[in-house]
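# Architecture and fold: a report
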Amino acid sequence: MATEADIRVADLERRLLGGYQLLQALIGIRLRAVRDPESRRHLAWLSDVTAAMSLFNRRAVQEGPVDFASYLDDAIAFWRRSCEGRPIRFEVRAASAVLPDSQALTLAIIAHELISNAVRHGFPGEGRGAIAVAFSRSAEGISLVIRDSGIGAGELAAGDGLGLVEGLVDHMQGSMTVETSPGAGVGVRVRLPTAPTSAH
């Protein structure tokens, strides 16, 4: 039988998830009303970050410590829905791994930002292609690779998403490498040090 404390925690978790949903709805309303390209870009970025945090926290509320491979499945499902009708294929290859909450949430935002950058800038017009995500964790560290088959070098100049990713990677004491050439897509590899897992 649930205790009063359990009921309070469950109610707080529902409110938290409801808050994310409300924030996304408010951002969507503003996006429909705003015409300035710079303002739209910032609002779209805020929407992406909110979506990443919402997906992560929904799984954390349901399951406790988050298997990052399961989170990536959720994120790819989100982007498949977002790109419905566009000829973009998504692939994910991820090994099961539970990460500390702070590291997992930061990595979730990094993944979402890199996928968003590929979707928005890698395939202009009705461009066709694929976005592949690979994740693994070992004693040597954590590796996240996101590669697209888009237009290549030109997409890096189209947005400043990599600046945010670089800042987050530095904050986590990791490293990032970018490979690109015109017409050959972009590949971004993020490496983070392995941290001990933590329980809720």
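Quick summary incoming for the structure in this document. Numbers given to residues run from 1 along each chain, matching the order in which its sequence is written. Restriction of local features to residues with pLDDT of at least 70 applies here, the model being predicted, together with a cutoff of 80 or more for giving and counting side-chain atom pairs; totals for whole chains, interfaces and linings are based on all residues. Hydrogens and water are ignored here; the side-chain numbers use all heavy atoms of the structure.

### Considerations on the overall build of the chain
Counting from the N terminus, the helices are the DSSP runs of H or I reaching at least four residues and the strands are the DSSP runs of E reaching at least two. Summing up its helical and strand segments, the chain has six helices and five strands in all. Along the chain direction, N to C, the helices and strands of the chain fall in the order α-α-α-β-α-β-β-α-α-β-β. For the exposure calls, accessible area comes from a 1.4 Å probe over protein chains only, and a residue counts as buried if that area is under 20% of its type's maximum, exposed if over 50%, partly exposed in between. Scored against the burial criterion, the 200 residues of the chain give a buried share of 43%. Residues count as neighbours in contact if any of their non-hydrogen atoms are within 4.5 Å of one another. Once local pairs closer than 6 in sequence are excluded, the contacts in the chain between residues at least 24 apart make up 69%. Counting only carbon and sulfur atoms, one obtains 55% of the accessible surface of the chain, whose full area is about 10,600 Å². Methods summary: accessible areas were calculated by the Shrake-Rupley approach with a probe of 1.4 Å, and residue burial reflects only the protein chains presented.

### Some remarks on the packing of aromatic side chains
In this analysis, rings of Phe, Tyr and Trp, with Trp reduced to its six-membered ring, are considered paired at centre separations within 6.5 Å, and the interplanar angle assigns stacked below 30 degrees, edge-to-face beyond 60, and tilted for intermediate values. Per the counting criterion, the structure on display carries three aromatic pairs. Judged by centre distance (4.9 Å) and plane angle (55°), the rings of phenylalanine 68 and phenylalanine 135 are tilted. Of this pair, phenylalanine 68 sits in helix α3 (residues 68-82) while phenylalanine 135 sits in strand β2 (residues 129-138); the two residues are 67 residues apart in sequence, bridging distant segments of the chain. For phenylalanine 68, a relative accessible area of 0% gives the class buried. Under the relative-accessibility criterion, phenylalanine 135 is labelled buried at 3%. Connected via pairs of aromatic rings, a cluster forms that spans Phe68, Tyr71 and Phe135.

### Some thoughts on the environment of valine 34
As for its placement among the helices and strands, valine 34 is situated in the loop between α1 (4-33) and α2 (37-63). The residues contacting valine 34, other than those within four sequence positions of it, are Ser39, Arg40 and Leu43.

Everything listed is a geometric property; what it means functionally is a separate question.
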